[in-house]
Protein chains: 2
Amino acid sequence: MLSSSKVKLIQSLNKKKYRQKYNLFVVEGIKNIKEFVFSNFLISNIYTTEPIPFMQEHQYQIISHEELKKISFLKTPHNALALVELPDTLPYSIQGIQIALDSIQDPGNLGTIIRLADWYGIEQIFCSETSVDVYNPKVVQATMGSLARVQVNYTDLKKLLTTSPIPVCTTDMDGENIYTSCLPQEAFLVMGNEGNGISEDIKSISNLKLTIPRFGKKQKTESLNVAISTGIILSEFFSQKEKI
Amino acid sequence: MLSSSKVKLIQSLNKKKYRQKYNLFVVEGIKNIKEFVFSNFLISNIYTTEPIPFMQEHQYQIISHEELKKISFLKTPHNALALVELPDTLPYSIQGIQIALDSIQDPGNLGTIIRLADWYGIEQIFCSETSVDVYNPKVVQATMGSLARVQVNYTDLKKLLTTSPIPVCTTDMDGENIYTSCLPQEAFLVMGNEGNGISEDIKSISNLKLTIPRFGKKQKTESLNVAISTGIILSEFFSQKEKI
């Protein structure tokens, strides 16, 4: 049985304020939980409607579907929900290809970009303090477990990028064509807000402005979604590395 | 004033059955509506809470915010909603880079792929009959107006691809590395269902199996989202074309 105060606590983890107060965030689904169990994250509690094959019985608590419904943030709850401790900030080194996100607001976009980073072996990303919180349940869900492997640092981007030992690359409609540019082997790729793009003070410290050329003849096409653009630009960096 | 029967009709356009019955679909937001007005689509009605600068007064009907709320499919309705006629199927030719989608189910993914096609100047895409309907309000919204420029054909994919004059490329975990493969100048790029990938009978007629290599050392990473994968593979085709 889940006590009503426990239910209340879990429901409150939808808000950053309470995640920080209790030092916890929510991961849903056995598949995703597994990624965190086999990582450096510390698991506080696991509530599940069925036994978890890779864990011992005393490590989780069986609850009913009705109870899971009460604490889940999903429309269709999975089989399990874990409370995971917020991680400590770890030291990092800036090398290879790095990603910085300037005020990304959409949880799905941030989650998808973390999944992309994980795919390309990028072990950390940097977000401006104005970006959506990565421990928001929607972001955690969208990372599909990749958050267990990619460290997300919230920081003053301008300060970080000003002292970057590798070139800072931003996107700009008037930037160089990514396909015909000779891209640097190491770079800080900065991606901007969904509506407003990259802020002016970050643009001003950019070493290389890049653009994904538009092949459509009709010039009306909306810009690409930021997660798609991140995927395409990252891909071109790795494509050029692979061809050397 | 919107009659209650009109409200009912518009609300019913959430379902494919009624879109086909009335031969109509819904486009929301003045920016998106503009794309359809200046296209070959036929506009049936426009309901708006404010005058539309690029149209004459008799071409739209002013309604209240409360009325718009009743007919909108968005959580936060925009300023206008248009009823647009379903288009006739137009003839097409298969050349250059083409996209075929095998049972894509998520409206956001289909919408994003249409936006991508538009960006890369691909004027038509092909969907299996089992794919989500492109005139579903969520798909239309996710295309951000690109649907006005990209023709979407629902067809028997196996039949279409069997007789394709250009190579059929599928994605496969054991496929060739897209970055080190010499990609064909013309190709039918087939992307599969979110959960199950490409169906076996389509795989069997593939001329070239491709994969986006995983750079992450830890082999647990989930596969990439299908819209992201489509973006990355399309980009690599155009990247190699640009470098010739």
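Since this is a predicted model, take the numbers as computed values, not measurements.

1. Focus: the interface of chain A and chain B
Listed by partner, the interface residues are 41 residues for chain A and 41 residues for chain B. Summed over both partners, the interface of chain A with chain B comes to about 4000 Å²; 59% of that surface belongs to carbon and sulfur atoms. Linking chain A with chain B are 2 salt bridges. Put simply, Lys243 of chain B and Glu236 of chain A hold a salt bridge, and the shortest N to O gap is 2.8 Å. For the side of chain A that touches chain B, the secondary structure elements donating two or more residues are helix H3 (30-37), helix H5 (107-119) and helix H9 (226-242) of chain A. Broken down by element, the residue count for the side of chain A that touches chain B peaks at 10 residues, all from H9 of chain A. Taken together, the residues of the side of chain A that touches chain B sort by class into 14 nonpolar, 13 polar and 14 charged.

2. Observations concerning a positive patch on the surface
On the surface, a cluster of positive charge is contributed by Lys75 and Lys138 of chain A together with Lys75 and Lys138 of chain B. Relative to the helices and strands, Lys75 of chain A is located in the loop between helix H4 (65-71) and strand E4 (80-85).

3. Examining the relation of the copies chain A and chain B
Related by rotation about an axis and a shift along that axis, the two copies of the chain form a pair. The operation relating chain A to chain B is a screw motion whose rotation component is 180 degrees, with 0.0 Å of axial translation and a residual RMSD of 0.0 Å. Here the symmetry operator amounts to a two-fold rotation axis.

4. Notes on the UniProt feature "domain: MRM3-like substrate binding" (unreviewed entry) in chain A
Per the UniProt record, "domain: MRM3-like substrate binding" (unreviewed entry) is annotated on residues 5-82 of chain A. Here residues 5-82 of chain A is 38% helix and 21% strand, with 16 Å between the C-alpha atoms at its ends.

5. Description of the pairing of strand E1 (residues 24-28) of chain A
Residues and elements named next belong to chain A. Most of E1 sits out of view: 5 of its 5 residues are buried. What you see with E1 is no split at all: Leu24, Val26 and Glu28 on one side and Phe25 and Val27 on the other are buried throughout. Bridge analysis of E1 against E4 gives 5 bridges, and the strand direction is antiparallel. By the bridge assignment, Leu24 is partnered in E4 with Glu85.

6. Focus: the sheet that holds strand E3 (residues 61-62) of chain A
Residue and element names in this part refer to chain A. Here 4 strands make up an open sheet; going across it, the order is E1-E4-E2-E3 and the pairing mixed. Both outer strands of the open sheet, E1 and E3, are each paired with one neighbouring strand and no more. Where strand E2 (residues 43-48) meets E3, 2 bridges bridge the pair, whose relative direction is parallel. Within the sheet, the bridge partner assigned to Thr48 lies in E3 and is Ile62.

7. Notes on the packing of aromatic side chains
Here the structure, examined in full by the defined rule, presents 24 aromatic pairs over all chains. The interplanar angle of 80 degrees and the centroid separation of 4.8 Å between the aromatic rings of Tyr92 of chain A and Phe126 of chain A together place this pair among those described as edge-to-face. Of the two residues, Tyr92 of chain A sits in the loop between E4 and strand E5 (97-101) while Phe126 of chain A sits in strand E6 (residues 124-128), which places them 34 residues apart along the sequence. With a relative accessible area of 0%, Phe126 of chain A lands in the buried category. Ring centres of Phe238 of chain A and Phe215 of chain B lie 4.6 Å apart, and the angle between their planes is 50 degrees; this geometry places the pair in the tilted category.

8. Re the domain arrangement of chain A
All names here are of chain A. Assigned domains of chain A: these are domain 1 (4-85) and domain 2 (97-242). The straight-line distance from the C-alpha centre of domain 1 to that of domain 2 is 30 Å. Taken residue by residue, the interface counts 16 residues in domain 1 and 11 residues in domain 2. Around 1100 Å² of area is buried between domain 1 and domain 2 when both sides are counted, 59% of it from carbon and sulfur atoms. Area buried by domain 1 at its contact with domain 2 is led by Arg19, Asn32 and Glu35, which between them contribute 35% of it. Counting across the domain 1 and domain 2 interface gives 2 salt bridges.

9. Digging into the packing of H9 of chain A against helix H9 (residues 226-242) of chain B
Their axes nearest at 9 Å, the elements H9 of chain A and H9 of chain B cross at an angle of 45 degrees. As judged from the angle between their axes, H9 of chain A and H9 of chain B are oblique. The handedness of the crossing between H9 of chain A and H9 of chain B is right-handed. Between H9 of chain A and H9 of chain B, the residues in contact are Ala227, Ile228, Gly231, Ile232, Ser235, Glu236 and Ser239 of chain A and Ala227, Ile228, Gly231, Ile232, Ser235, Glu236 and Ser239 of chain B, respectively. Taken together, the residues that form the contact of H9 of chain A with H9 of chain B break down as 6 nonpolar, 6 polar and 2 charged.

10. Notes on unusual backbone geometry
Residue and element names in this part refer to chain A. With a phi angle near 60 degrees, Asn23 is a residue other than glycine that sits in the positive phi range. Tracing the sequence through the fold places Asn23 in the loop between helix H2 (16-22) and E1. Residue class for Asn23 comes out partly exposed when judged on its relative accessible area of 34%. For Met144, which is not a glycine, the phi torsion comes out positive at approximately 50 degrees. Within the element layout of this structure, Met144 appears in the loop between helix H6 (137-142) and strand E7 (151-155).

About the thresholds
- Residues numbered from 1 in each chain as written.
- Chains lettered and ligands numbered in written order.
- Predicted model: local features only at pLDDT ≥ 70, side-chain atom pairs only at ≥ 80, totals over all residues.
- Heavy atoms only, no water.
- Contact = heavy atoms within 4.5 Å.
- Buried area = accessible area lost by both parts, 1.4 Å probe.
- Salt bridge = Lys/Arg side-chain N within 4 Å of Asp/Glu carboxyl O.
- Helix = DSSP H or I, 4+ residues; strand = E, 2+ residues; numbered from the N terminus.
- Nonpolar A, V, L, I, M, F, W, Y, C, P; charged D, E, K, R; others polar.
- Patch = residues over 30% accessible without salt bridge, like charges linked within 9 Å, V, L, I, M, F, W, Y side chains within 5 Å.
- Areas by Shrake-Rupley, 256 points an atom, 1.4 Å probe, with all protein chains shown as cover.
- Lys, Arg positive; Asp, Glu negative; His and termini not counted.
- Charge placed at Lys NZ, Arg CZ, Asp CG, Glu CD.
- Least-squares fit on C-alpha atoms with pLDDT ≥ 70 in both.
- UniProt positions renumbered as here; feature names shortened; annotations may be inferred.
- Buried < 20%, exposed > 50% of the residue type's maximum accessible area, 1.4 Å probe, protein only.
- Pairing = 2+ DSSP bridges.
- Phe/Tyr/Trp six-rings, centres within 6.5 Å; stacked < 30°, edge-to-face > 60°.
- Domains from an automatic or database assignment.
- Axes fitted to C-alpha atoms, helices over the stretch in contact; angles between N-to-C directions.
- Parallel < 35°, antiparallel > 145°, perpendicular 65-115°, else oblique.
- Left-handed = near helix turned anticlockwise from the far one by under 90°.

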